[in-house]
Amino acid sequence: NAGVTQTPKFRILKIGQSMTLQCTQDMNHNYMYWYRQDPGMGLKLIYYSVGAGITDKGEVPNGYNVSRSTTEDFPLRLELAAPSQTSVYFCASRFRNEQFFGPGTRLTVL
Amino acid sequence: DAKTTQPPSMDCAEGRAANLPCNHSTISGNEYVYWYRQIHSQGPQYIIHGLKNNETNEMASLIITEDRKSSTLILPHATLRDTAVYYCIVRVVTQGGSEKLVFGKGTKLTVNP
């Protein structure tokens, strides 16, 4: 199993641009999560999903959108990038008591 | 949400036990304590979790006080590869049945040769 994969690894955006961060897992997990991590801080939950077609907001959802059309994929959309969205983004899936994290996407908005 | 308090940093000698404390005085009776770690800039890695009994697995031991207001993660024989940020988390279950992990700043553990 590849586990949780994220693309791209790095991205630089200009203010106002949009992009989609991709997240895929091959473990057939129903629960999936998006977090962001600012420098020196812990992770903050953006959105989560309990299964295909079902998503819900976390602590910091403003400026982001998600969809979950399949069990495997959980993309995160930034519509109008702002400097405050400069962060490292982690996707995770959960099985029982353990969340499995991807390697992250480092996003810079200039 | 229950908040956790951890020391910002700790040092440990290689081969010795690392004992990482965590305070969670506002924890509710049905909330679990979880520990994750993050090595360098990688995604966090699950270590262990518990409710009120002490727990042990191949990575670590978790000691939870009887009043559940604090806990200690024990790495019995720390190696250089255990250098990481360790997060103590109180897990919240949402109305929809999913879990929410609220990460603090964690403890930066440095294992020295």
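Our subject is the structure listed above.
Attention here is on the structure that accompanies the text. No experiment lies behind these values; they were computed from the predicted model shown.

## Quick notes on the interface of chain A and chain B
At the interface, 21 residues of chain A touch 21 residues of chain B. Across the interface of chain A and chain B, roughly 1,600 Å² is buried in total on both sides, 53% from carbon and sulfur atoms. It is A:Leu43, A:Asn97 and A:Phe101 that lose the most area in chain A upon contact with chain B, and together they represent 29% of the buried surface on that side. Here chain A is connected to chain B by zero salt bridges. Linking chain A to chain B there are six residue pairs in polar contact (both at pLDDT 80 or more). Of all the secondary structure elements, the ones that give two or more residues to the side of chain A that touches chain B are β4 (31–37), β5 (43–51), β9 (87–95) and β10 (98–101) of chain A. Each residue belonging to the side of chain A that touches chain B can be placed in one class, and the counts come to eleven nonpolar, six polar and four charged.

## Things to note about the sheet that holds strand β6 (residues 61–64) of chain B
All names here are of chain B. Here we have four strands laid out as an open sheet, ordered β2-β7-β6-β5, and antiparallel in their pairing. Only two strands of the sheet have a single neighbouring strand rather than two, namely β2 (18–23) and β5 (55–56). For β2 and strand β7 (residues 70–75), the ladder comprises six bridges, and the chain directions are antiparallel. Each residue of the ladder has a partner; that of Cys22, found in β7, is Ser71.

Quick notes on the rules
- Residues numbered from 1 in each chain as written.
- Chains lettered and ligands numbered in written order.
- Predicted model: local features only at pLDDT ≥ 70, side-chain atom pairs only at ≥ 80, totals over all residues.
- Heavy atoms only, no water.
- Contact = heavy atoms within 4.5 Å.
- Buried area = accessible area lost by both parts, 1.4 Å probe.
- Salt bridge = Lys/Arg side-chain N within 4 Å of Asp/Glu carboxyl O.
- Polar contact = N/O pair within 3.5 Å; in protein donor to acceptor, adjacent residues only side chain to side chain.
- Helix = DSSP H or I, 4+ residues; strand = E, 2+ residues; numbered from the N terminus.
- Nonpolar A, V, L, I, M, F, W, Y, C, P; charged D, E, K, R; others polar.
- Pairing = 2+ DSSP bridges.

None of this, on its own, says anything about what the molecule does.
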